[in-house]
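As a plain string of letters, each chain reads:
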Amino acid sequence: MSWTDIIPTLAVGVVLLYVPGAVLAAVMGARGLTLWASAAPLTVFIVATGAIALQALHIQWSVLTFMCVAALVIALAAAVRILSIRRNAGEWPRINFRPRLTKARGLRAAGYLLALSIPAIIIFYRFRRILGSPDHISQTYDNVFHLNAIRTILETGRASSLTMGSLDPASNKLSFYPGAWHDVVSLVIEASGSTIPVGVNAANIVIAALVWPLSAMFLVSTLTGKRLIPMLVTGALSAGFSSFPYLMIDFGVLYPNLLSIALLPFCMGAVVMFLGLGRGAPTSRWLYFSLAALSSAALTVAHPSTTMALVALTAAPVGAWLIQRLRSLKGQEHRLRDSLVSLAGVAAYALIAISLWTVIRPTEAASSWLPKTTVPRAVGEALMSTPQGRDIPWLIFALTIVGVVILSRQRRLWMIGSFAVSVALYAIVSGYPVGPVRNFWTGIWYNDSYRLAALLPVTTIAIAAVGGAWLVERAVQVLRRGPLPRRFPVRAMSIAATVLLICVAAALAQGRTIDTAQADAATRYASTAASPLLSNDEEALLKRLDQHVPADAVVIGNPWTGASLVYAYTGRRAMLPAIGTSPTASELSLLKQLATISKKSSACGIVRDQRANFVLDFGPREVFEGAHHTFPSSADLAKNPGLRLVDSQGDAKLYEVVACR
């Protein structure tokens, strides 16, 4: 498959992720960068909550029903805003369909487009090299669940995160799994008509290449205002971190974290603006309160652990707001009352945060990842943006130092505090000994250093962008003050110098650390005869399996070998739909008797009840090298007369259970 074939799917992904949210943001009163940065978070909010609501109402999830939910949410937001304006202004609002377009606005829009285009092009190039082909899949443990969850949504129209964890289309039992990413991808696939692997890769490219840079730009704008140079620097740097977005399509694979962390900078920026700490007075704090609330809800359904990251990273801004608030009340008439109200608000925030911190986390048994290094080394890795021991990105490290100095001089210590929190969490998970302390602080993220490494760029990029913007602006000022001819085009020279410096920064940020991240991630997507999850032969057999297996049949297979991907590729249900699925007592009995099954076997009753009439044998190779699980061997299956070989490709074989006819 060529990369030109994925363009329509990419276009569908951009439209689906941005148009509904952009309309909602505009109705709420957002404009400019705020509008476009909030578009994806608001769309995810509509998608995630809409999927839950529709399933509760027994309405199937589809592009059409999603559009109806989006229209309803937008209409409600419009009604609330119109009534609010009517109440405050005493008259109905006038709608202006002819926005003023000036030369200055046009140049600014072009500059913002350039700032977004730089990371979009670089990240697309990197993802292209990682994926190899648009239809390649991640050869990792979690991907069996992700792909089959998408197929479940497409086949059944059930997309609620409240029941997604079981992958059982007939069950209404509470089994929460953060499904916002899966819901978004299902819409992209349905609207574009692409296959599941292509839809997954297209959606991930849009999230990484557009959502993440725009979200980061918004956070940086709370520190610098909407000046163009900081936005250009942010764009240049956003493609230069090895731990995000590249790590999220490498390790795990953590697709839900890719979406949630891409939204995180915007959520943090919205909180900062609501608190009044951002550069430039907000037109309405209630706008940013609404944006923060809705985007945080989207963040929670994308992945709750990232919501807890938001709680941790906004602790410093909330503390800074309280100090600023108490200082501003000095000498005022109702100082004591207002001070108590402010303290009560922060106390409520802290109480809720602590309560959530102890509740929203996996079990200790599931949080078994071990420390990888020492605390001092982990602190150094975090400060230098080189987690997991990769090469040091010297440009980003240098700009981070400059940014810390600049922010210290500007007394914007809350941003440095948020950065310190992210560094501390990474240091604890990577270097602190196993025990209650480590589990309390990082158990939310399974005590997994990879997940916390991915959070580091959220705060680092804000600080590094401040440092980079300061250096670029000073360099341009020096050029302007130099000995130039009287009629020298100073403005044109300044623009050219700025663009040149930004391009140089973007190139320097693509150093060996990104090359290594790309090379490592590419091994996860290589489709070969020895691929750990799904080999060439196994994929070829799956692609023609529907010629032999009826649509209502269930296929028996070892999920650790990738056999359960039969559901994602063909729509034929797998008896064990995910690697983590525990077989029932009857399913376990069937697996134990499969190698010797005959007409007299008690397992035949299970075969008939479940319509499990076919067996996929993908051999002994499993996704975790050396981790072997109980399943009949290929030799045992081949010599059993109760199984008939239906089709094969290399070592991959499809059998029919004829003993139970």
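Below or above, wherever it landed, is the structure these notes cover. On a predicted model such as this, the values are computed, not experimentally measured, just so you know. Residues take numbers from 1 onward in each chain, read along the sequence in its written order. Since the coordinates come from a predicted model, pLDDT governs what is reported: local features require at least 70, and pairs of side-chain atoms require 80 or more to be given and counted, while whole-chain, interface and lining totals use all residues. Side-chain measures were taken over the full set of non-hydrogen atoms in the model, leaving aside hydrogen atoms and water.

## Quick notes on the side chain of Thr442
This is how the line gets drawn: Helix and strand assignments follow DSSP, with helices taken as H or I runs no shorter than four residues and strands as E runs no shorter than two, numbered in order from the N terminus. By the criterion applied in these results, polar contacts are pairs of N or O atoms within 3.5 Å in which, for protein atoms, one can donate a hydrogen and the other can accept it, and in which residues neighboring in sequence qualify only through two side-chain atoms. Note on contacts: a residue pair qualifies if any of its non-hydrogen atoms lie within 4.5 Å across the two residues.
By secondary structure assignment, the location of Thr442 is in helix H17 (residues 436-442). In terms of polar contacts, Thr442 uses its side chain to reach the backbone carbonyl oxygen of Arg438, at 2.8 Å. A distance of 2.7 Å separates the side chain of Thr442 from the side chain of Asn447, its partner in a polar contact. What Thr442 contacts, discounting residues up to four positions off in sequence, is Leu425, Ile428, Val429, Asn447 and Leu452.

## Some details on the environment of Gly179
Note that Gly179 resides in the loop between helix H5 (143-156) and helix H6 (180-192). On a C-alpha basis, the gap between Gly179 and Ala51 in space is 9.1 Å, while along the polypeptide they are 128 residues apart. Sequence-distant contacts of Gly179, that is, excluding residues within four places in its chain, are made with Ser161, Met164 and Val301.

## Comments concerning the packing of helix H9 (residues 255-274) against helix H11 (residues 304-313)
Note the following rule: Every angle, taken between N-to-C directions, lies between 0 and 180 degrees, and every axis is a line fitted to C-alpha atoms, over only the stretch in contact when it is a helix. Throughout, the term roughly parallel applies to angles under 35 degrees, roughly antiparallel to angles over 145, roughly perpendicular to angles from 65 to 115, and oblique to all others. Each crossing is labelled by how the near helix is turned from the far one, with a counterclockwise turn of less than a right angle marking it left-handed and a clockwise turn marking it right-handed. Put simply, Ala, Val, Leu, Ile, Met, Phe, Trp, Tyr, Cys and Pro go in the nonpolar bin, Asp, Glu, Lys and Arg in the charged bin, and everything else, Gly too, in the polar bin.
Contact geometry of H9 with H11 gives a least axis separation of 9 Å together with a crossing angle of 25°. The orientation of H9 with respect to H11, classified from their angle, is roughly parallel. You can see that H9 and H11 cross each other, and the crossing is right-handed. Residues Asn257, Ser260, Ile261, Leu264, Cys267 and Met268 of H9 lie in contact with H11, whose contacting residues are Ser305, Thr306, Ala309, Leu310 and Leu313. Partitioning the contact of H9 with H11 into residue classes produces 7 nonpolar, 4 polar and no charged.

## Points about empty space enclosed by the protein
Selection rule: Detection works on a 1 Å grid of protein atoms alone, calling trapped sets that fit a 1.4 Å probe cavities and calling open sets with protein on both sides within 12 Å along at least five of seven lines pockets, with lining residues defined by an atom within 4 Å of a point. Grid points are joined across faces, edges and corners, and a volume is the space filled by probe spheres set on the points.
Considering all chains together, one arrives at 5 cavities of 30 Å³ or more under this definition. The space that makes up the largest cavity amounts to roughly 90 Å³. Lining the largest cavity are Gln55, Ala149, Thr152, Ile153, Arg158, Ser160, Thr163, Met164, Leu167, Asp168 and Pro169. A per-element tally of the lining of the largest cavity places H5 first, with 3 residues. Looking at side-chain class alone, the lining of the largest cavity contains 5 nonpolar, 4 polar and 2 charged residues.

## A few points about the side chain of Ser186
As for its placement among the helices and strands, Ser186 is situated in helix H6. Excluding residues within four positions of it along the chain, Ser186 makes contact with Trp61, Ile150, Ile153 and Leu154.

## Remarks on the sheet that holds strand S1 (residues 554-556)
Within a sheet, each strand pairs with its neighbour through backbone hydrogen bonds, oriented either parallel or antiparallel. To be explicit about the condition: Two strands are said to pair when DSSP picks up at least two bridges between them.
Reading across the sheet, the 5 strands line up as S2-S1-S3-S5-S4 and stay open at both edges, with mixed pairing between neighbours. Across the chains shown, the open sheet's two edge strands, defined by having one partner strand only, are strand S2 (573-574) and strand S4 (643-649). The pairing of strand S3 (residues 614-617) with strand S5 (residues 652-657) spans 4 bridges and is classified as antiparallel. Residue pairing for S5: Val615 is matched across the bridge by Tyr655.

## Focus on the nonpolar core
We apply this condition: Here the nonpolar core consists of buried residues drawn from Ala, Val, Leu, Ile, Met, Phe, Trp, Tyr and Cys, with membership extended through side-chain atoms lying within 4.5 Å. Remark: exposure states derive from per-residue accessible area (1.4 Å probe, protein chains only) relative to the maximum for the residue type, with buried under 20%, exposed over 50%, and partly exposed in between.
Ranked by internal contacts, the top residues of the largest apolar core, which has 194 residues, are Trp61, Tyr246, Trp445, Leu542, Leu565 and Leu616. Ranked by the residues each element gives to this core, the list is headed by helix H7 (residues 196-224), at 20 residues. Core analysis: the next-biggest nonpolar cluster, separate from the first, contains 21 residues, Met575, Leu576, Cys604 and Val657 among them.

## Observations concerning the packing of H6 against H9
At a minimum axis separation of 8 Å, H6 and H9 run at an interaxial angle of 95°. As judged from the angle between their axes, H6 and H9 are roughly perpendicular. Facing Ala180, Trp181 and His182 of H6, the residues of H9 in contact are Tyr255, Pro256 and Leu259. Of the residues that constitute the contact of H6 with H9, the class distribution is 5 nonpolar, 1 polar and no charged.

## Some points on the layout of surface pockets
By volume, the second largest pocket is sized at about 1400 Å³. Going through the elements one at a time, H5, H9, H11, helix H18 (449-453) and helix H21 (512-525) are the ones with two or more residues in the lining of the second largest pocket. In terms of residue count, H5 provides more of the lining of the second largest pocket than any other element does, 3 residues in total.

## Observations concerning the state of the cysteines
What counts here: Whenever a pair of cysteine sulfur atoms sits within 2.5 Å, that pair is classed as a disulfide.
Tallying each qualifying case throughout the model produces 1 disulfide. In this model, Cys604 is linked to Cys660 through a disulfide, with the two sulfur atoms separated by 2.1 Å. Taking the sign of the S-S torsion, about -75° here, the bridge from Cys604 to Cys660 comes out left-handed. Here Cys604, found in helix H25 (residues 603-610), pairs with Cys660, found in the segment after S5; they are 56 residues apart in sequence, far enough to count as distant. Given a relative accessible area of 7%, Cys660 falls into the buried group.

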